[in-house]
Amino acid sequence: MSSPVRVRFAPSPTGFLHVGGARTALFNWLHARHTGGTFVLRIEDTDRERHNEEAVRAIYDGLHWLGLDWDEGAEKGGDYGPYYQSERAPVYERYLKILQDKDMIYEDAGALRFRSPRETVTVHDEVCGSIPFDLSNPGTHPDMTVRRPDGSWIFHFVNVVDDIEMKITHVIRGEDHLSNTPKHVELYQAFGVEPPKFAHLPLILNPDGSKMSKRDTGASVQSYIEQGYAPEAVRNYLCLLGWSPKDNREILPIEEIINIFELKNINRRSAGFDLDKCFWMNGQYLLQMPLERFADFSIPFIDQAGINYGTREALLPALALVKEKVKHLTDVPAWIEFFFNDDYAYDQASVEKALRADGALERLHVIGDCLTRLELWTAESLESAFKALATTLGLKTAALVHPARVAATGRSVGPSLYHLLELLGRDRVLKRLTRTREKFTA
RNA sequence: GGCGCGCUCGUCUAGAGGCCUAGGACACAGCCCUCUCAAGGCUGGUACACGGGUUCGAAUCCCGUGCGCGCUGCCA
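Bear in mind the structure is a predicted one, so any value in this text is a computation, not a measurement.

**Topic: unusual backbone geometry**
The omega torsion across Gly81 and Pro82 is -5 degrees, close enough to zero to call that bond cis. Residue position: Pro82 is located in the loop between strand E3 (72-73) and helix H3 (89-101). Positioned with a positive phi, Ala109 is a non-glycine residue whose angle comes to about 55 degrees. Locating Ala109 in the fold gives a position in the loop between strand E4 (105-108) and strand E5 (111-114).

This is the structure in structure tokens:
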């Protein structure tokens, strides 16, 4: 019988949430949810950086957006707080005392160092296997500093102390910590505590193989929020970076991933971040998303673009027509604008192509006559009308559809013409045909 | 430099000795569908880093080389 799983995400507040950090948080969360364990959020705001509310906020916001809820920790509370390292000085003092009493700490130029036992330490990693590290040579493995002369604490020390105090059972973190882990194990042993299980995650790289840093495109979770990604799409994509269900499935509901997620199935090789694929996945999610949810996501972007659509009820039909076109939520306003603005702009290239062609404007006139007499104003009847008219005139349907589309929307691309005309309504369509003809006849 | 980890199509990956003339997905190209753009369907391309072993047989095991990354800090 092993004790209940307790995992943690322990970011330091740098002002934004990095996708690498988000992936680390995600894998911790998945392991917690898969095992029914507890996911803890601890803020590692040590050293001179004072507790910065804004920087911490960026972490909360990113995690909330991705749906990675934590059970315990910063902003939430719990039995093992405080969850900000800046508030845990007494704990660190207490643990320092333990080592001092064992004569394992000495002073060096004002700083405090941990005296390494100088043994071979084997790290047992759920992902990488068992790796022995020979720490016997002080030249290559100097005694680690645990506290600076100014009294501030070093990461390795506080990290281990907190994990002990918070009863963390699995340390799941980036592979950049693998080489630090034997040092951490020495500390656990010095405290007489059984080390937790470790799982080191492969790093996330740029497409060119370089390390992903702040400035790189797509590095910040915030950028996905701003560009109109669906959180579940980004989360799904992140799951596939270093983990796979191994059965060729890629788009999986998160419940299913929680179900089959195993630390053992995590890869060891670092993964290049493929923005194209993330983009594609977002389109897939938007395509399959229920209309109401799509509307919830879209409305902020529509509002931001200043489109006056009236009521949500009026907006929904337009969104329904356009949903399958959208790859980024930021594109929604451009797709639907013509529905709500009679003074829509004409795309120059589209005008040249569809309206400047021989006879195009005359055809607009004929179409107008035809639509005036149309009995039923539905997509189906519109379609038959266009096709019948084309046959009568000895034209391809496209020769009527293209000018009509540009006249009614100002653009040459968009959703199904017949459905769009239906939604616009006869009066507005006829006015638009006339307006367009007059505008370009001069 | 030392130590550690890794190396399958451009990218993410499947593959745990024979099922692999290496499968899927993204991207790319072509075709089909079609009122446009997408979506969808079909088709295509020069992927097991290299060299030695072990074995009847290796992408899969072992050793070396190379390359990449990480750690080596009074950064986290």
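**Observations regarding the protein's contact with RNA strand B**
Taken together, 60 residues surround RNA strand B, and among them Arg148, Glu250, Arg268, Arg269 and Lys325 come closest. Taking all atoms of RNA strand B within 4 Å of the protein, the share assigned to sugar and phosphate is 70%. Within the side chain of Arg113, an N or O atom sits 3.4 Å from a phosphate oxygen of RNA strand B. Between RNA strand B and Leu240 there is a distance of 3.2 Å, counted from a sugar or linking oxygen to a backbone nitrogen or oxygen. The set of elements that each furnish at least two residues to the surface near RNA strand B consists of E5, strand E7 (129-134), helix H4 (155-165), strand E12 (271-272), helix H9 (275-288), helix H16 (397-409) and helix H17 (417-424). The element that contributes the greatest number of residues to the surface near RNA strand B is H9, accounting for five residues.

**Focus: the nonpolar core**
The tendency in soluble globular proteins is for nonpolar side chains to be buried side by side. In this structure, Leu30, Phe157, Ile336 and Phe386 are the most contacted members of the largest nonpolar core, which totals 145 residues. Tallying contributions element by element places helix H1 (residues 19-35) first for this core, with eight residues. Each residue touching Leu30, except ones within four places of it in the same chain, is listed here: Cys239, Ile254, Ile257, Ile258 and Phe261.

**Things to note about the pairing of E7**
Pairing analysis gives six bridges linking strand E6 (residues 120-125) to E7, with the strands arranged antiparallel. Along E7, the bridge assignment pairs His124 with Ser130.

**Describing the environment of Gln348**
Structurally, Gln348 is set in helix H13 (residues 348-355). For the pair Gln348 and Thr122, spaced 226 residues apart in sequence, the C-alpha separation works out to 68 Å.

**Digging into the pattern of salt bridges**
Within this structure, the stated rule accounts for 28 salt bridges. Close ionic contact of Glu72 with Arg6 constitutes a salt bridge, the shortest N to O distance being 2.8 Å. Of this pair, Glu72 sits in strand E3 while Arg6 sits in strand E1 (residues 6-9), placing them 66 residues apart in sequence. Each member of the pair, Glu72 as well as Arg6, is classed as buried. Linked through salt bridges whose partners overlap, the residues forming this network are Arg8, Arg42, Glu44, Arg88, Asp162 and Asp163.

**A look at the packing of aromatic side chains**
Counted by the stated rule, this structure contains 16 aromatic pairs. An angle of 70 degrees between the planes, with centres 5.1 Å apart, marks the rings of Tyr224 and Tyr229 as edge-to-face. Residue classification places Tyr229 among the buried residues on the basis of a relative accessible area of 4%. Ring plane angle 85 degrees and centroid distance 5.0 Å describe the contact between Tyr346 and Phe440, whose orientation is recorded as edge-to-face. Of this pair, Tyr346 sits in the loop between helix H12 (332-340) and H13 while Phe440 sits in helix H18 (residues 426-441); the two residues are 94 residues apart in sequence, bridging distant segments of the chain. The lysine or arginine in question, Arg411, covers the ring of Trp335, its NZ or CZ lying 5.1 Å from the ring centre. When the ring centre of Tyr344 is taken as origin, the NZ or CZ atom of Arg435, which lies over that ring, is 4.7 Å away.

**With respect to the sheet that holds E4**
Two orientations exist for strands paired in a sheet by backbone hydrogen bonds: parallel and antiparallel. If you trace the three strands from one edge of the open sheet to the other, you get E4-E5-E8, paired in antiparallel fashion. Only two strands of the sheet have a single partner each, and these edge strands are E4 and strand E8 (145-147). Across the sheet, the axes of successive neighbouring strands diverge by a mean angle of 45 degrees, strand direction being ignored. Direction of pairing for E5 relative to E8: antiparallel, over a ladder of two bridges. Residue Arg113 lies in a different strand from E8, and its bridge partner there is Thr145.

The rules we used
- Residues numbered from 1 in each chain as written.
- Chains lettered and ligands numbered in written order.
- Predicted model: local features only at pLDDT ≥ 70, side-chain atom pairs only at ≥ 80, totals over all residues.
- Heavy atoms only, no water.
- Helix = DSSP H or I, 4+ residues; strand = E, 2+ residues; numbered from the N terminus.
- Near = heavy atom within 4 Å.
- Polar contact = N/O pair within 3.5 Å; in protein donor to acceptor, adjacent residues only side chain to side chain.
- Core = buried A, V, L, I, M, F, W, Y, C linked by side-chain atoms within 4.5 Å.
- Buried < 20%, exposed > 50% of the residue type's maximum accessible area, 1.4 Å probe, protein only.
- Contact = heavy atoms within 4.5 Å.
- Pairing = 2+ DSSP bridges.
- Salt bridge = Lys/Arg side-chain N within 4 Å of Asp/Glu carboxyl O.
- Phe/Tyr/Trp six-rings, centres within 6.5 Å; stacked < 30°, edge-to-face > 60°.
- Lys NZ or Arg CZ within 6 Å of the ring centre and 35° of its normal.
- Axes fitted to C-alpha atoms, helices over the stretch in contact; angles between N-to-C directions.

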